[in-house]
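# Inside the fold
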Amino acid sequence: MTAPIKVRFAPSPTGTLHIGGVRTALFNWLFARHHGGRFVLRIEDTDVSRSTEESIQEILAALKWLGLDWDEGPHRQMQRQDRYREVVGTLLRENKAYRCYCSAEDLDAQRKEAEKKGLKPKYDGRCRSRTGEPPDGPSVVRFKVDAEGSISVRDLLRGQVHFDKKELDDMILERSDGTPTYNFVVVVDDADMGITHVIRGDDHLSNTPKQALLYDALGFPRPLFAHISMILGADKARLSKRHGATSTLAYRDQGYLPDALLNYLVRLGWSHGDQEIFSRQEMIDLFSLDSITTSAAVFNPDKLLWVNQHYIKTMPPVELARHWEPLLVREGILAEGHGKSPEEIARVIPHLNQRAETLVEMALKAKFYFVQDVEFDDKARAKFLTAETRPLLQGLESRLAALEPFSLEGIEAAFKAVVEEAGVKLGQLAQPVRVALTGQTASPGIYDVVDLLGKERTLRRLSDAARGIEAG
RNA sequence: GUCCCCAUCGUCUAGCCUGGCCCAGGACACCGGCCUUUCACGCCGGCGACGCGGGUUCGAAUCCCGCUGGGGACGCCA
């Protein structure tokens, strides 16, 4: 029996949840689920000026859409201020922290000065040894870090990592407005909440020694750390808005399936032999920190598309219809309150799911089926609905009019008969009919289109097309 | 600049820990071909990588060192 595992995902609500964050959440979630542990959601909202309620809601919505469910939280740090003050008080009393009266401007100047001299831009600790009456004016609380010796932290993926303490400086624990800072609250919270494993982005690796020192000073046991590599854009730069839509919900709106996004993301930095496709359960069963790579990964939209296509192809139609419906409505293909059941919507899916990489693309291709009147592509009409093809269209129309019952076999036979009679190839009939029925040159199999549309709509579109040719 | 991390096809990766089975395997993309009523799907084939230099060893993608390159951190952001 392994010790109970507890992990957390701790986003800051200062913007949308992007896919790098989602992967971090996913790895934590998988780790928890694999080990039967707990997954905690914590909102790191100590940057009061930049945190927004809107971001929080967006993050929750994104996690819900993805099905990354949490067992505890969401905790909000701004609701735990009393606790942070208490800990700061302890540190101050124990002389492990001190008040610093340097202004932000002073600090800025000091940093610039250091940089000019080619030194590491860090606080020089001048208030640490200040004596006498505390000056008036705002102050921050800093954590005392001895410059002597080194500190090493153990990373589950990289082994021991050593840092020279002189690289560190006396970090701020509490701002002049009384709010706590990240490096401090993360330690207090992870300790208070009993977090056993901290799985987070690589960008936090150099924060870890500072936090480790805090754990030690507070007498808290350190959790186990695993720093996963970052996701980069095609230009190898850190992923940002410049690389297109990075907001998670934007992927939903662009027609990606949650399973697909997760499947794509899990393969960025984690692998199980040559396997590319993983169901949620497989991910959970197979996930392990041992098979994570430590090098950064470039986000590849083409591969995401391929994974998405795979899920569109294989997901049961009725289930797919549930994800598809909102997009059909948004695209104006189905009216709001259309009253169609998932089953009805799902009827076209078997004919389209081999032909679309996203749900949006599939919606556009389903227009002919859902919309009342055909929308013609001008070039297609000019090329295929001509005086030469009109008799073919009419020939098919009369054959189909007489067809009873209106079966797939009968439809096919009608096409064959017209083709034979006119002495043309099937394609010479199928293309004009395709344009007449769908307005496009590309569609599902022509027999399927006729079958999907049904007798009445097929005949009407055929005769409308023939009439259109006359008029033109 | 200083410190830290990383380094296999264009991209994601397997292999590396426990050297030989690897003149390096899979996937995406790309290029051919087949299938075909269109578009797709599918199938078959092709292109394509161990960053460089030293070492250790009978033997190195695998171990060690250096270099180079990329990323990250150095905030009263997280």
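On a predicted model such as this, the values are computed, not experimentally measured, just so you know. Just so you know, the residues in each chain are numbered from 1, in the order the chain's sequence is written. Both sets of labels track the order of writing: A upward for chains, 1 upward for ligands. The predicted nature of this model means local features are confined to residues of pLDDT at least 70 and side-chain atom pairs, given and counted, to a pLDDT of 80 or more, with totals for whole chains, interfaces and linings taken over all residues. Hydrogen atoms and water are omitted, and side-chain values are computed over all heavy atoms in the structure.

Take the overall build of chain A next. Tallying secondary structure elements over chain A gives 20 helices and 12 strands in all. Along the three orthogonal principal directions, the C-alpha set of chain A runs to about 105 × 50 × 40 Å. Accessibility throughout is a Shrake-Rupley quantity obtained with a 1.4 Å probe, and a residue counts as covered only by protein chains that appear here. Here chain A displays about 22500 Å² of accessible surface, and carbon together with sulfur accounts for 50% of that area. Only four residue types enter the tally: Lys and Arg on the positive side, Asp and Glu on the negative side, with His and both chain ends excluded. A charge is said to be at NZ when it belongs to Lys, at CZ for Arg, at CG for Asp and at CD for Glu. Seen as two clouds, the 63 positive and the 68 negative side-chain charges of chain A have centres 3 Å apart. Numbering of helices and strands runs from the N terminus, with a helix taken as a DSSP run of H or I at least four residues long and a strand as a DSSP run of E at least two residues long.

The next thing to look at is the nonpolar core. What is meant by a nonpolar core is a set of buried Ala, Val, Leu, Ile, Met, Phe, Trp, Tyr and Cys residues, joined one to another through side-chain atoms within 4.5 Å. Relative accessibility under 20% of the residue-type maximum defines a buried residue, over 50% an exposed one, and the middle range a partly exposed one, all with a 1.4 Å probe and only protein chains included. Within the largest apolar cluster, 108 residues are counted, with the highest numbers of intra-cluster contacts made by Leu26, Trp324, Phe370 and Leu400. Take this core: its biggest share by element is 10 residues, from helix α20 (residues 446-471). Contact definition: two residues touch when any of their heavy atoms are within 4.5 Å. Apart from residues no more than four positions distant in its own chain, Leu400 is found in contact with Phe406, Ile411, Ala414, Val450, Lys455, Thr458, Leu459 and Leu462. Within the second largest apolar cluster, 32 residues are counted, among which are Leu91, Val141, Val145 and Ala217.

Further remarks concern the protein's contact with RNA strand B. Any residue with at least one heavy atom within 4 Å of a molecule or strand is counted as near it. The environment of RNA strand B is formed by 66 residues, the closest being Thr46, Arg158, Arg175, Gly269 and Gln354. Those atoms of RNA strand B that come within 4 Å of the protein belong to sugar or phosphate at a rate of 72%. The term polar contact refers here to a pair of N or O atoms within 3.5 Å; inside protein, the definition further demands a hydrogen-donor-capable atom paired with an acceptor-capable atom, and it admits residues adjacent in sequence only when both atoms are side-chain atoms. One of the side-chain N or O atoms of Asp274 is found 2.8 Å from a base nitrogen in RNA strand B. Within the side chain of Gln431, a nitrogen or oxygen atom sits 3.0 Å from a sugar or linking oxygen of RNA strand B. Those elements that place two or more of their residues in the surface near RNA strand B are α4 (104-116), β7 (159-164), β12 (297-298), α10 (301-314), α19 (426-438) and α20.

Here we take up the sheet that holds strand β2 (residues 38-43). Paired strands are those between which DSSP finds at least two bridges. Taken in spatial order, the 3 strands make up an open sheet running β1-β2-β3, and their pairing is parallel. Each edge of the open sheet is held by one strand with a lone partner, namely β1 (6-9) and β3 (72-76). Within this sheet the neighbouring strands show an average axis-to-axis angle of 25°, counted without direction. Two strands pair when backbone bridges link them, and β1 and β2 are joined in this way by 4 bridges, in the parallel orientation. In the sheet register, Lys6 faces β2, and the bridge partner there is Arg38. In this fold helix α1 (residues 19-35) packs onto β1 and β2, with an angle of close to 165° to the strand it touches most, β1. Every axis in this analysis is a line fitted to C-alpha atoms, fitted for helices over the stretch in contact. Angles between the N-to-C directions lie between 0 and 180 degrees.

Another aspect to go through is the environment of Arg126. Among the structural elements, Arg126 can be located in the loop between α4 and β5 (140-143). For Arg126, a relative accessible area of 47% gives the class partly exposed. Separated by 12 residues in sequence, Arg126 and Pro138 place their C-alpha atoms 16 Å apart. If sequence neighbours within four positions are ignored, Arg126 has contacts with Cys102 and Gln110.

Both faces of the sheet carry side chains from a regular strand, because those side chains alternate between them. Both faces of β5 are covered, namely the face carrying Val140 and Arg142 and the face carrying Val141 and Phe143. Pairing of strand β4 (residues 97-100) with β5, which is carried by 4 bridges, proceeds in the antiparallel orientation. Counted as the bridge partner of Tyr98 is Arg142 from β5. Sheet topology places β5 next to strand β8 (residues 172-174); 2 bridges connect them, and they run antiparallel.

Glancing now at the sheet that holds β5. Spatially, 3 strands are ordered β4-β5-β8 in an open sheet, and the strand pairing comes out antiparallel. Here the strands that pair on one side only, and so sit at the sheet edges, are β4 and β8. Ignoring which end each strand starts from, the neighbouring axes of this sheet average 45° apart. Packed on one face of the sheet, helix α3 (residues 81-93) meets β4, β5 and β8 and runs near 100° to β4.

Let us now look at the packing of helix α5 (residues 182-192) against helix α6 (residues 208-218). α6 packs onto α5 with a crossing angle of 55° between their chain directions and a minimal axis gap of 10 Å. Looking at the two axes, α5 sits oblique to α6. Judged by the twist between their axes, the crossing of α5 over α6 is right-handed. Only Lys210, Gln211, Leu214, Tyr215 and Leu218 of α6 make contact with α5, whose side of the interface consists of Tyr182, Asn183, Phe184, Val186, Val187, Asp190 and Ala191. By the definition adopted for this analysis, an angle is roughly parallel if under 35 degrees, roughly antiparallel if over 145, roughly perpendicular if from 65 to 115, and oblique otherwise. Crossing handedness is defined as follows: a turn of the near helix away from the far one that is anticlockwise and smaller than a right angle gives a left-handed crossing, while the clockwise case is right-handed.

Below, the discussion takes up helix α11 (residues 317-330). Given the number of residues in a helix, its expected span is that number minus one, multiplied by 1.5 Å. Across its 14 residues, α11 extends 20 Å between first and last C-alpha, which sits within 8% of the 20 Å expected from 1.5 Å per residue. Its axis deflected by about 40° at His323, α11 carries its strongest bend there, up to four residues before the proline Pro326. Taken as a whole, α11 has its buried residues at Leu320, Ala321, Trp324, Leu327 and Leu328. Among the structural elements, α7 (248-253), α10, α12 (342-346), α13 (349-352), α14 (359-365) and α15 (367-370) are those in contact with the buried residues of α11. Two axes enter the definition of the bend at a residue: one is fitted to the seven residues ending there, the other to the seven starting there, and the bend is the angle between them.

Residue-level confidence of the predictor is summarised by pLDDT, bounded by 0 at the bottom and 100 at the top. Mean pLDDT over chain A: 93, with 98% of residues reaching 70 or higher. Across the whole predicted complex the pTM is 0.95, and at the interface the ipTM reaches 0.96.

With an omega of 5°, the peptide bond between Gly73 and Pro74 qualifies as cis. By secondary structure assignment, the location of Pro74 is in strand β3. In this model, Glu404 is joined to Pro405 through a cis peptide bond whose omega is 0°. A positive phi angle, near 65°, is found at Asn95, a position not held by glycine. Mapping Asn95 onto the fold places it in the loop between α3 and β4. The backbone of Lys236 sits at a positive phi, close to 70°, despite the residue not being glycine. With respect to the helices, strands and loops of the structure, Lys236 is situated in the loop between β11 (231-232) and α7.

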